[in-house]
Amino acid sequence: MSDPSDSAEAIAESVFHYAVEQSAIAIAITDVAARILYVNPAFSRITGYERDEVLGQSQSVLSYKTTPRSVYEAMWSELTAGRPWSGRLLNRRRDGTPYVADLTVTPVCRPGSDERCYLGMHWDATEAHRTAQQLRNHKQLVESVISVVPFAVALLDGSGRVVLDNPAYRRVAAELGVSEPASTVMAELRERLGETYTRAIAQRRALEGQELFFERPGRDPRWYACALSWFEERSTGPDALYSDVRNDYALLVMQDVTAARRQEEALRLAAMRAMLSEGELDQSLREALSGAIFQLQGPVNLISAAATLQRRRAGAAGETDPLAKALADAQRAGEAAIATLQAAMPPEPATVTAPVNLNEVLRDVLMLETDALLAAGISVDWRPTHALPPVQGEAGALRTLFRQLVTNAIEAMNERGRTERVLTVTTRASSGQVTVGISDTGPGVPEALRLKVFEPFFSTKQSRGGTRGVGLALAQEIVSRHRGVLGIDANYGTGCKLDVSFPSARAPEPVPVESYG
Ligand code: FAD
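Here goes a summary of the coordinates provided. Worth saying up front: this structure is predicted, and the values here are computed from it rather than measured. (Residues numbered from 1 in each chain as written. Predicted model: local features only at pLDDT ≥ 70, side-chain atom pairs only at ≥ 80, totals over all residues. Heavy atoms only, no water.)

**Observations concerning the site of the ligand**
In step 1: Taken together, 21 residues lie near the ligand, and V32, S60, Y72, W76 and N91 sit nearest.
In step 2: One of the backbone N or O atoms of V32 is found 3.2 Å from a nitrogen atom in the ligand.
In step 3: Contacts to the ligand include N91, whose side-chain N or O atom sits 2.8 Å from a nitrogen atom.
In step 4: Protein chains shield 76% of the accessible area of the ligand, which is 910 Å² for the free molecule.
In step 5: Elements that contribute at least two residues to the shell around the ligand include exactly α4 (69–80), β3 (85–92), β4 (98–108) and β5 (117–124).
In step 6: If one sorts the elements of the shell around the ligand by residue count, α4 sits on top with six residues. (Near = heavy atom within 4 Å. Polar contact = N/O pair within 3.5 Å; in protein donor to acceptor, adjacent residues only side chain to side chain. Areas by Shrake-Rupley, 256 points an atom, 1.4 Å probe, with all protein chains shown as cover. Helix = DSSP H or I, 4+ residues; strand = E, 2+ residues; numbered from the N terminus.)

**Here's the deal with helix α13 (residues 395–413)**
In step 1: Taking 1.5 Å of rise per residue, 19 residues should cover 27 Å, and α13 covers 27 Å from first to last C-alpha, within 8% of that figure.
In step 2: Among all positions of α13, only A397, L398, R399, L401, F402, R403, L405, V406, A409, I410, A412 and M413 are buried. (Expected span 1.5 Å × (residues − 1). Buried < 20%, exposed > 50% of the residue type's maximum accessible area, 1.4 Å probe, protein only.)

**Some words on the sheet that holds β4**
Strands belonging to one sheet form pairs held by backbone hydrogen bonds; the direction of such a pair is parallel or antiparallel.
In step 1: The five strands are arranged β2-β1-β5-β4-β3 in an open sheet whose pairing can be described as antiparallel. Looking at the sheet topology across the chains shown, the edges are occupied by β2 (36–39) and β3. Geometrically, the sheet is characterised by an average inter-axis angle of 30° between neighbouring strands, direction not taken into account.
In step 2: Sheet topology note: the strand β1 (residues 26–30)/β2 ladder contains three bridges and is antiparallel. Within β2, the residue paired with T30 across the bridge is I36.
In step 3: Seen against the sheet, helix α5 (residues 126–148) touches β3, β4 and β5 and runs at an angle of roughly 115° to β4. (Pairing = 2+ DSSP bridges. Axes fitted to C-alpha atoms, helices over the stretch in contact; angles between N-to-C directions. Contact = heavy atoms within 4.5 Å.)

**A closer look at the packing of helix α11 (residues 358–368) against α13**
In step 1: The interhelical angle for the contact between α11 and α13, taken along N-to-C directions, is 50°, at an axis separation of 9 Å. Relative to α13, α11 is oriented oblique. As for how α11 packs across α13, the hand of that crossing is right-handed. Here L358, V361, L362, D364, V365 and L368 of α11 come into contact with α13, specifically with L398, R399, F402, R403 and V406.
In step 2: For the contact of α11 with α13, the per-class residue count stands at eight nonpolar, no polar and three charged. (Parallel < 35°, antiparallel > 145°, perpendicular 65-115°, else oblique. Left-handed = near helix turned anticlockwise from the far one by under 90°. Nonpolar A, V, L, I, M, F, W, Y, C, P; charged D, E, K, R; others polar.)

**Remarks on the nonpolar core**
In step 1: One finds L358, L401, F402, L405, L423 and F502 to be the most contacted residues of the largest nonpolar core, which totals 37 residues.
In step 2: Mapped by element, the contributors of at least two residues to this core are α11, α13, β14 (422–430), β15 (433–440), α14 (471–481), β16 (485–488) and β17 (496–503).
In step 3: Top element by residues in this core is α13. It accounts for nine residues.
In step 4: Core analysis: the second largest hydrophobic core is formed by 26 residues, M186, A200, Y224 and M254 among them. (Core = buried A, V, L, I, M, F, W, Y, C linked by side-chain atoms within 4.5 Å.)

Just distances and angles here, no functional claims.
Here is the structure:
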């Protein structure tokens, strides 16, 4: 009976020779001096050398002579220490053409012999090298294009982490004073677009042409045109070799459009100034005409009563009585005059309510009041909150409201001997409310008068004959119309601080499942 393990060894030994001979990898066995003792057919196929041509030759016959010497030194230092070496060398075929050899050399010790051999196995890695190099070039090209484009670019992974950005993006971070502008942009988009944003994130839909405005405390605001698109990457992990594992990335592009917007803003402000002065003119005309109508209405009423009395007195001759006739004529003339005045009254402006961003309203007001603030030597401390939810209201009325409050603050501080003149304007959002704080370093409002100042025609200042005292009452009326609350902050130390709160137009939405932004 033959030993089964003996026969398995015998089979393995006989198969071993054929396996080496038929291997697709080029195999060479050399002596300790790298002289070739054996090569397989794949070696001949790859190098172009027949077996007989290379037997006894040094392996250096394959060298293209451009591989750096340090590579060979590193290789031989491993081999002489009895350790295998793997690496890439530039080889020359028999016909002189170069190819990249992916080579592994293993020292082989033979039983009963002190002299070691080397087993060299290599394959033609020219294509693999070309592909890897093309990929590197491509990546470098993309990176250099991204680094010079004037747009800020950031690539965000599935958890919203920035995995790639460019110098323009880092400049935006410095300009906005935030470490990761992408998070700020995502939060702003979510706030602004609400449900549309949540759907776009869930369905990986692009968001284009989103212009965002960023306040910067103490500095000019900036505008960015933002676009969000999606990029799907096939996973490079081994588990994705035969399955279609993909990773999603969001590509955020931000273009600074501040210069263009600033120009538009200047034009808008000029138009707004013209509109406001026209509105103010209409308002004073309305007030003057109402006063005149009121003044006229009294005498006309008296004449009308006298005419009725005289007609009654004259009895049957009432129609021809000269006094009754004169009084009736005077009454008609008076009523005609009132009708003419009423017809001349400019119409009340139409009120349109829409979501209004109070940061923008306040910025407009501060710009409109720049001259008055400079003339009074007042410095402005403008502290807006990013991503302020809108309030539902009339932009014009809200502008009038804050203009009134700012004008009051300027007046309060603009008095002889007052050295500290700072107007602080803040915005914040919490619990579904948007609150604006306007504080000054003026004399403040005594506690006893804190409710009284909101009454019409009440003023803490001496009247100079104008409509003093209607300001806060008017402000109160606008605030109430917007379902807001206006009050004096009782805990404010020096000067006066007014807080105005409005319900925000949209309730805060739950954070979407995906963690972008
Ligand atoms: P070399 O004269 O070989 O000198 C290069 C450096 O290697 C020197 O620092 C030298 O000191 C050291 N060195 C050379 N021979 C030995 C040695 N026997 N013991 C210790 N140090 C030594 N090279 C290729 O270019 N392409 C191949 O495909 C390739 N396949 C190889 C396969 C095997 C199994 C082995 C053992 C070597 C292989 N080599 C291959 C390396 C080759 O032997 C040469 O070292 C190399 O080609 C450089 O030749 P060279 O004449 O320019 O310089």
